[in-house]
Amino acid sequence: MTAEEIRRMEERVAQVRAEMERACRAAGRAPGEVLLCAASKTQNSETVRTAAALDIDLFGENRVQELCEKYAAGAYGGKPLHFIGHLQTNKVRQVVGRACMIESVGSHRLLECVAAEAQKQGIRQDILVEINIGAEASKSGIAPEELPGLLECAHALPSLRVRGLMSIPPAADAPGASRPYFAQMRGLFERAQAAQGGNVSMEYLSMGMSADFADAILEGANLVRVGTALFGARSYPAQ
Ligand SMILES: *Cc1c(COP(=O)(O)O)cnc(C)c1O
């Protein structure tokens, strides 16, 4: 990266942090309460390594192959790494143990597959349960009403620790359009908190991306996943 590109990234990180702080203050929350996850899909190892030295708390990757490449290159600079994308069961083996948290566990089948792999590796894998809050056919995640049953299953899987919930609401067509979904997520999170115990603890509520992380914080998110606002527009390689 050129010195100018690095300076631009520093500026964007500072802008995102300032907006997070404003939202925290508006919600009467302490700024330190909300973690900033840099969603680094499509960013190369050099860019990620540069970001790791800045004021971000952790990284989130969507694609298993990218995660493995950047992990092997030591790009995350010791910062925690979450997996946040759609995870196929045949790739679980590559993610368990590398990502300290798998945020996108959105089916019984994946829950059981992650648990089996963690047990095989002799580790406890932290996960979040992904909720399809907008009931969209195109998105993964369980329906809100399926959460108690899934947590019941998780109680019987000691190689897992369920640490909270994650969601990607429907794409907002207007400012503020995501807020009702974030509020529903918060309600669900609080109800699950009241029933937590054993290997299930509701600590993290992961929601909010570049366009709406301030709204998510106003509605109780304590982990926001931000890509574009930190790295600039993504360019996808031609297929
Ligand atoms: C890409 C991505 C983000 C960040 O999206 P931006 O709009 O670029 O901030 C957050 N969460 C998930 C799951 C993503 O895939």
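- With an unreviewed UniProt entry as reference, the protein chain is termed Pyridoxal phosphate homeostasis protein, source organism Ruthenibacterium lactatiformans.
- Per UniProt, the protein chain carries the Sequence similarities (unreviewed entry) text "Belongs to the pyridoxal phosphate-binding protein YggS/PROSC family."
- Per UniProt, the protein chain has the following entry under Cofactor (unreviewed entry): "pyridoxal 5'-phosphate".

### Re the UniProt feature "domain: Alanine racemase N-terminal" (unreviewed entry) in the protein chain
Part 1 of the reasoning: As recorded in UniProt, the feature "domain: Alanine racemase N-terminal" (unreviewed entry) lies at residues 30-234.
Part 2 of the reasoning: Each end of residues 30-234 is marked by a C-alpha atom, and these two atoms are 31 Å apart; helix forms 34% of the span and strand 21%.

### Some details on the pairing of strand 1 (residues 35-39)
Part 1 of the reasoning: Burial of strand 1 is extensive: four of the five residues sit out of reach of the surface.
Part 2 of the reasoning: Of the pairings in the sheet, the one linking strand 1 to strand 8 (residues 223-226) comprises four bridges and is parallel in character. Paired with Ala38 across the strands is Val226, a residue of strand 8.
Part 3 of the reasoning: Here strand 1 pairs with strand 2 (residues 58-61) via three bridges, running parallel. Within the sheet, the bridge partner assigned to Cys37 lies in strand 2 and is Leu58.
Part 4 of the reasoning: In this fold, the crossover linking strand 1 to strand 2 by way of helix 2 (residues 45-52) has right-handed handedness.

### Quick word on the site of the ligand
Part 1 of the reasoning: The full set of residues close to the ligand is Ala39, Lys41, Asn62, Ile84, Ile168, Met209, Ser210, Arg225, Val226, Gly227, Thr228 and Arg234.
Part 2 of the reasoning: Contacts to the ligand include Arg225, whose side-chain N or O atom sits 2.9 Å from a nitrogen atom.
Part 3 of the reasoning: Within the side chain of Thr228, an N or O atom sits 2.5 Å from an oxygen atom of the ligand.
Part 4 of the reasoning: Notes on the ligand: free accessible area 380 Å², of which the protein chains cover 89%.
Part 5 of the reasoning: When each cavity is represented as a set of grid points, the ligand is found to reside in the largest pocket.

### Focus: the packing of aromatic side chains
For any pair of aromatic rings, the description consists of the separation of the ring centres together with the inter-plane angle of the planes.
Part 1 of the reasoning: Scanning all chains against the criterion turns up one aromatic pair.
Part 2 of the reasoning: Ring geometry for Phe59 against Tyr76: centres 5.4 Å apart, planes inclined by 55°, an arrangement best described as tilted. Of this pair, Phe59 sits in strand 2 while Tyr76 sits in the loop between helix 3 (64-72) and strand 3 (81-83), and the two are 17 residues apart along the sequence.

### Points about the environment of Ala99
Part 1 of the reasoning: When you line up the elements, Ala99 lands in the loop between helix 4 (92-95) and strand 4 (101-105).
Part 2 of the reasoning: According to the relative accessible area criterion, Ala99 is buried, its value standing at 2%.
Part 3 of the reasoning: Excluding its chain neighbours within four sequence positions, the residues that come into contact with Ala99 are Leu81, His82, Phe83 and Gln125.

### Considering helix 2
A turn of α-helix holds 3.6 residues, and therefore any two residues three or four places apart point the same way.
Part 1 of the reasoning: The element helix 2 is extensively covered by neighbouring structure, given that six of its eight residues are classed as buried.
Part 2 of the reasoning: Restricting attention to buried positions, one finds in helix 2 the residues Ser45, Thr47, Val48, Thr50, Ala51 and Ala52.
Part 3 of the reasoning: The inward-facing, buried residues of helix 2 contact helix 1 (3-26), strand 2, helix 3 and helix 9 (228-231).

### Structural notes on the pairing of strand 5 (residues 125-131)
Part 1 of the reasoning: Counting buried residues in strand 5 gives seven out of seven residues, a clear majority hidden from the surface.
Part 2 of the reasoning: Both faces of strand 5 are covered, namely the face carrying Gln125, Ile127, Val129 and Ile131 and the face carrying Asp126, Leu128 and Glu130.
Part 3 of the reasoning: Strand direction decides the pairing type here: strand 4 and strand 5, joined by three bridges, are parallel. In the strand pairing of strand 5, Met101 is matched with Asp126.
Part 4 of the reasoning: In the sheet, strand 5 pairs with strand 6 (residues 160-167) via seven bridges, with the strands oriented parallel. Counterpart to Glu130 in the pairing with strand 6 is Met166.

Rules behind the numbers
- Residues numbered from 1 in each chain as written.
- Predicted model: local features only at pLDDT ≥ 70, side-chain atom pairs only at ≥ 80, totals over all residues.
- Heavy atoms only, no water.
- UniProt positions renumbered as here; feature names shortened; annotations may be inferred.
- Helix = DSSP H or I, 4+ residues; strand = E, 2+ residues; numbered from the N terminus.
- Buried < 20%, exposed > 50% of the residue type's maximum accessible area, 1.4 Å probe, protein only.
- Pairing = 2+ DSSP bridges.
- Right-handed = clockwise from strand over helix to strand, strands pointing away.
- Near = heavy atom within 4 Å.
- Polar contact = N/O pair within 3.5 Å; in protein donor to acceptor, adjacent residues only side chain to side chain.
- Areas by Shrake-Rupley, 256 points an atom, 1.4 Å probe, with all protein chains shown as cover.
- 1 Å grid on protein atoms, 1.4 Å probe; cavity = no way out; pocket = protein on both sides within 12 Å on 5 of 7 lines; lining within 4 Å.
- Sits in = over half its atoms within 2 Å of the grid points.
- Phe/Tyr/Trp six-rings, centres within 6.5 Å; stacked < 30°, edge-to-face > 60°.
- Contact = heavy atoms within 4.5 Å.

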